[in-house]
Amino acid sequence: AAEAKLLELQEAGAINKEYLPIDGIPEFYSAALKLMLGDDCTPLKEGRVCSVQCLSGTGGLRLAAACIGQFQKGASIYVPNPTWGNHNKIFPREGVPVKSYTYYKPETCGLDFEGMCADLNAMPSGSVVLLHACAHNPTGVDPTEEQWAEIASIVKKRGLVPLIDSAYQGFASGDFDKDAWACRYFAEQGMELYLVQSFAKNMGLYGERTGVLSIICQDQDNAARLKSQIKPFIRTMYSSPPQHGARIAELILNDPQQLEAWKAEVKVMADRIIKMRQLLYQELKANECPGEWEHVINQIGMFTFTGLTPEQVDVLTQKYSIFLTKDGRISMAGLREEKCKYLADAMKDAILTHPSTPPSGGSNPLEGSDEPAAALTDSLFKDVAMAPPDPILGVTQAFKACESADKLNLGVGAYRSEEGKPWVLPTVRAAEAKLLELQEAGAINKEYLPIDGIPEFYSAALKLMLGDDCTPLKEGRVCSVQCLSGTGGLRLAAACIGQFQKGASIYVPNPTWGNHNKIFPREGVPVKSYTYYKPETCGLDFEGMCADLNAMPSGSVVLLHACAHNPTGVDPTEEQWAEIASIVKKRGLVPLIDSAYQGFASGDFDKDAWACRYFAEQGMELYLVQSFAKNMGLYGERTGVLSIICQDQDNAARLKSQIKPFIRTMYSSPPQHGARIAELILNDPQQLEAWKAEVKVMADRIIKMRQLLYQELKANECPGEWEHVINQIGMFTFTGLTPEQVDVLTQKYSIFLTKDGRISMAGLREEKCKYLADAMKDAILTHP
C-alpha cells in the first residue's frame, strides 16, 4: 500500500528522486526512534538523541564502529558468545578490537547469566558492550526483565557503553512494547548508548536496506556535535542513504491507521513462528528424539539454537536436503507446518547417527579488571568538535533558508527542468509501475539481494559502458558488483587498494570532486594530486598533466574522470586520452575511471564512453566506477556499479570473492529498488532507446544554457574571456570566479554556488541567464 502511495505522490510532484540529506529522512528516523523508545522517553524529551538513517542493521553497526574508532580510541567492543557472525567482522574494519563475553550455556540451551555478569564485571571501564535488544541471534535466548535490570546496573556501575542491536522489534513476541523493554530501560538509566534499528525483518524490507542509528548523549550540545561528525562517515561511504525503503517506512510509521495495520501484520508473522516452535517441539517429543527439547519453545524470535553438532547438521543436509548453518541454528521462519515431522525425524536420525554430549564449560569468565568500578561522569563525546558543513550540500541548505524571490541554486549537481523542477524520467516512472505489477504477481519481492547485487543490472550497465566488442568482457576477466552509486563504488575501490595494493597512493586531478580527497583515506589510502586545470585558459593543462603522470611511482593509482570532469567541465580530446593511456601503461600506473555522466555530457553514450573503452583495450588492469544518479535521475536510490578489469578470469573470480566481505561489513547487501529500475530499462531494447532519448533531452538543455549564458556575458560586456563556458562540457561550468566574487553573487543576488566558482548548468533556467550574467559582471567589477 505504501509503495502504491509513493507512486501517486511522485506523479503529483510531491516527492522525487533527489538526493536525501546526508542524515536521511527526519520524519522516518524520528518515528522509528519513537517506536523503539516510546512516548515518555526522557532523552527524547530532552533532545539529547542524535539519529541518522542508515543501511539496515549492518549499516548502523558500521557507523557505530566508525564512531567508536574515532571518538573512543583504544576501546574494545565485547560481543556475546555466540553472536551474529557479522558482528565479529564489522568493527575491525574501523579499527575496533572485538572480544567476547559469556552468554549461552550449552548444558541448558539457555542463558549463562552468572557467567555473563562475571564477564561484565571484569570489563575495563569505557569498553563497549553489544547487547541484542530481543530475540538474540543465533540462540533465541533472552534475559528476563529482572536480569536485564541487573545487567544495566553492572554496565552503569562499571562505566561500560551499551550498543543495543535491535533487529526484531515486534517480530520476537508479537508485542512491540515488550520487545522494546530492554532498550527503554537502558535509555532511562542516564547512560550514553548506541542504538541500531533495522526494518528488514519486522517490515520485510530486507532488500531495501532501511534502518536507524541513534546515540543517546549527555546533552543536546553533544548530540549536535556528534551528528555533525557522523555525517562525514556517511558522506565518504555512500554520500547519502537510499530513499525507497525509508519512504515506505515513513508513510507507515506516521499514519496511525497504517501503523496499527502493520503491527497486526507483524504479529501474524511472530505468531506463525511461535506456532512452528510448538509443532516442532511436539514432533520431537512424539518421535522420542534423544535429548531435552524444551528450549525449542522457550527460545524466542526467528531462530532456534538446536544444539546440533556440525556432524549432525551434515546428516540433515546430505541425507535430507535440509539446509542450515553449521552451528545448528534453525530459522523457524523458513519452516512450514507440513515439514515439522520431516525435520523432527531427520534430527532424530542425525543424533542417533552421531551421538554427542553437550560441550562442557558454559561460562569462561574474563580475568578481573584492576580498574575501580566507576560510572562514566564525563561524556564520551565531550571532545568531539562541530564538523563544518559539507561545502556542496551546505549550498543547498543556505539556498533553502533564503527567502528571496530571485534566489537561484547553482550548487548541487542535480538536473532541473526549464521550470526549475526535478525531473523523474518517464522511463523510470514506467519501470516503477512495472515493478509494482511484478511484485503483485509474485515475480519479485523484498528479499535480500546477493552480496554482489543483481547480475542482470551490473552486467547490462557494464556493457553500456564498454560496448559489445570489449575484449576483457569477451574474455570474462571483468569482476563487477552493484554498489551505492559513485561514492559507494569509490569506497569499495578504496578498500581494494588499501587491502591489495598496500603502500600505493591514489593521484587525483587538481581540482577534483571534493569527496575524492576524503573517501580514500578512510581505507588508509594516501591521496595526492596531479596537474589538470589551467586557470589562465580555463582549460586543460595537458603538458603539466603528462609531466605529473610521468613522475608518479609505478603501481600508483591514478583517478580519471571518464567525461564531463567535475568541477571544471574540461575533458581531454581523444588524441590526448590516447597519450594519457600510453603514459599510464608505460609507467605501470593503475587507472581508476570515475564515470558519473555517461550520456549526460554530450548526449551521446558512445562518445562519452570513448576514454573508458580505449583504456579497456590497452591490456591494463583498471577500476571502473559507474553511477546512475545523473543519467537515470536515480540520485536518491544510490545505484551504481564497480567493475575491475583483471589479467585473467581466475584473478577476477578471486578478487570478487574478496570484495564481497567489504560489502558484507559495510551494509551486507545493496539496496534493490534503484537497481531493479535500471535493470528493467537497460535490458529492454525499447525502453533503453527511450531512456537514451530522455538523457539527450537533458544534455541538450544544459548545452543550450551554456550558449545562452555565453551570449548574455558577451552582450553585457562582462570583463574577461568566456569561450570556456561553451567549450566545457557536462553539468558544471568552472567560471573562474574568485571566492570574493562568489560572495557578491550569493549575498547581493541570492545566487548560490560553491566557493570555487563552479556553476551547475543543470540548475540554470533560460529566464535567469541574463540575471546571472549581470550578477557575474557586477561581482567582477566589484572585485577585479
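For the structure, see preceding data.
What you see is a predicted model; the values in this text were computed from it and never measured. (Residues numbered from 1 in each chain as written. Predicted model: local features only at pLDDT ≥ 70, side-chain atom pairs only at ≥ 80, totals over all residues. Heavy atoms only, no water.)

**A closer look at the environment of Glu 721**
Consideration 1: By secondary structure assignment, the location of Glu 721 is in the loop between helix H28 (685–715) and helix H29 (723–727).
Consideration 2: In this structure, the C-alpha to C-alpha distance between Glu 721 and Thr 537, residues 184 residues apart in sequence, is 8.9 Å. (Helix = DSSP H or I, 4+ residues; strand = E, 2+ residues; numbered from the N terminus.)

**Concerning the packing of helix H1 (residues 2–11) against helix H11 (residues 244–253)**
Consideration 1: Remark: H1 packs on H11, axes separated minimally by 9 Å, with the N-to-C direction vectors making an angle of 105 degrees. Put simply, H1 runs roughly perpendicular to H11. Contact with H1, carried on its side by Ala 2, Glu 3, Lys 5, Leu 6 and Leu 9, involves His 244, Arg 247, Ile 248, Leu 251 and Ile 252 of H11 and no other residues of that element. (Axes fitted to C-alpha atoms, helices over the stretch in contact; angles between N-to-C directions. Parallel < 35°, antiparallel > 145°, perpendicular 65-115°, else oblique. Contact = heavy atoms within 4.5 Å.)

**Notes on unusual backbone geometry**
The phi torsion of most residues other than glycine is negative, and most of the peptide bonds are trans.
Consideration 1: With an omega of 5 degrees, the peptide bond between Asn 81 and Pro 82 qualifies as cis.
Consideration 2: Residue position: Pro 82 is located in the loop between strand S2 (77–81) and helix H5 (87–90).
Consideration 3: Across the junction of Asn 137 and Pro 138, the peptide omega takes the value 25 degrees, indicating a cis bond.
Consideration 4: The backbone of Ser 239 sits at a positive phi, close to 75 degrees, despite the residue not being glycine.
Consideration 5: Here Ser 239 shows up in the loop between helix H10 (220–235) and H11.
Consideration 6: Phi at Cys 538 takes a positive value of approximately 50 degrees, unusual for a residue other than glycine.
Consideration 7: Tracing the sequence through the fold places Cys 538 in the loop between strand S16 (533–534) and strand S17 (539–540).
Consideration 8: Taking relative accessible area as the criterion, Cys 538 reaches 14% and is therefore assigned buried. (Buried < 20%, exposed > 50% of the residue type's maximum accessible area, 1.4 Å probe, protein only.)

**Re H1**
Spacing of three or four residues puts side chains on the same side of an α-helix, whose turn is 3.6 residues.
Consideration 1: Within H1, burial applies to Ala 2, Glu 3, Leu 6, Leu 7 and Gln 10. Projected onto a plane normal to the axis of H1, the buried residues spread over an arc of 145 degrees and lie on a single side. Opposite its buried face, H1 presents the exposed residues Glu 8 and Glu 11, each directed more than 90 degrees away.
Consideration 2: Considering only its buried residues, H1 is in contact with H11 and helix H17 (426–440).
Consideration 3: Gly 13, located one to two residues past H1, shows a positive phi value of around 80 degrees. (Arc of directions from axis to C-beta.)

**Examining the environment of Ser 356**
Consideration 1: By secondary structure assignment, the location of Ser 356 is in the loop between helix H15 (340–353) and helix H16 (393–401).
Consideration 2: Using a relative accessible area of 40% as the deciding quantity, one classes Ser 356 as partly exposed.
Consideration 3: It is 9.9 Å that separates the C-alpha atoms of Ser 356 and Gly 307, two residues lying 49 residues apart in sequence.

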